[in-house]
Amino acid sequence: RDLVRSRGLGDVYKRQLNGSHIAMLFVRPEYRGRGCGRKLVEWAVACQGADSVDVNEQNPQAMGFYLRMGFAVAGRSETDDAGRPFPILHLRLEK
């Protein structure tokens, strides 16, 4: 996975998967609630063509964030990529 943007506030990683998929997005705790995550997602969508992201179903904060950003649930997996019993929601950007 390639780091495509890091400004000290947070990081966005992407991998190609039928378009551009946000594989990981992190915002440092001290910068949360300031619009940094929104700016990173907006950049990933506008500049990298990001249109999907996976979210752990047990992370309501991340789920709410992506729903507010215009993503919608497109599918669900019972396990994570490593086969562990952590349900993953697959989100797609609504156009």
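Conventions adopted
- Residues numbered from 1 in each chain as written.
- Predicted model: local features only at pLDDT ≥ 70, side-chain atom pairs only at ≥ 80, totals over all residues.
- Heavy atoms only, no water.
- Helix = DSSP H or I, 4+ residues; strand = E, 2+ residues; numbered from the N terminus.
- Buried < 20%, exposed > 50% of the residue type's maximum accessible area, 1.4 Å probe, protein only.
- Contact = heavy atoms within 4.5 Å.
- Salt bridge = Lys/Arg side-chain N within 4 Å of Asp/Glu carboxyl O.
- Core = buried A, V, L, I, M, F, W, Y, C linked by side-chain atoms within 4.5 Å.
- Polar contact = N/O pair within 3.5 Å; in protein donor to acceptor, adjacent residues only side chain to side chain.
- Expected span 1.5 Å × (residues − 1).
- Arc of directions from axis to C-beta.

Caption draft 1: A look at the environment of G70. Within the secondary structure layout, G70 lies in the loop between α2 (60-68) and β5 (71-77). The exposure class of G70 is partly exposed, given its relative accessible area of 23%. Through-space distance from the C-alpha of G70 to that of R92 is 8.5 Å; in sequence the pair is 22 residues apart. Among all residues touching G70, those that are not within four sequence positions of it are R92, L93 and E94.

Caption draft 2: Structural detail: the pattern of salt bridges. One pass over the full model with this rule turns up 5 salt bridges. One salt bridge in this structure joins R84 and D80, with 2.7 Å as the shortest N-O distance. Overall, the relative accessible area of 11% leaves D80 in the buried class. Residues joined by salt bridges that share partners form a network here, namely E57, R76 and E78.

Caption draft 3: Representation of the nonpolar core within the structure. Of all hydrophobic cores here, the largest spans 19 residues; its most connected members are Y66 and L91. For this core, the secondary structure elements donating two or more residues are β3 (20-27), α1 (36-48), β4 (50-56), α2 and β6 (88-93). Among the elements that take part in this core, α1 stands out by supplying 5 residues, more than any other. Setting aside chain neighbours within four positions, we find L91 in contact with D51, S52, V53, D54, V55, M63, Y66, F71, A72, V73 and A74.

Caption draft 4: Local environment of the side chain of D80. On the secondary structure map, D80 appears in the loop between β5 and β6. Separated by 2.7 Å, the side chains of D80 and R84 make a polar contact. Beyond its immediate stretch of four places on either side in the chain, D80 contacts F86 and I88.

Caption draft 5: Molecular detail of α1. Here α1 contains 13 residues, and its C-alpha end-to-end distance of 17 Å stays within 8% of the 18 Å for a straight helix at 1.5 Å per residue. Along α1, the residues that are buried comprise C36, G37, L40, V41, W43 and A44. With its buried residues spanning 155° around the axis, α1 presents them on a single face. For α1, the exposed residues lying more than 90 degrees away from the buried face are K39 and A46.

Caption draft 6: Quick peek at the environment of M69. Structurally, M69 is set in the loop between α2 and β5. Residue classification places M69 among the buried positions, given a relative accessible area of 13%. Between the C-alpha atom of M69 and that of G37, which follows or precedes it by 32 residues, the distance is 9.8 Å. Beyond its immediate chain neighbours, meaning those up to four positions away, M69 contacts R38, V41, E42 and L93.

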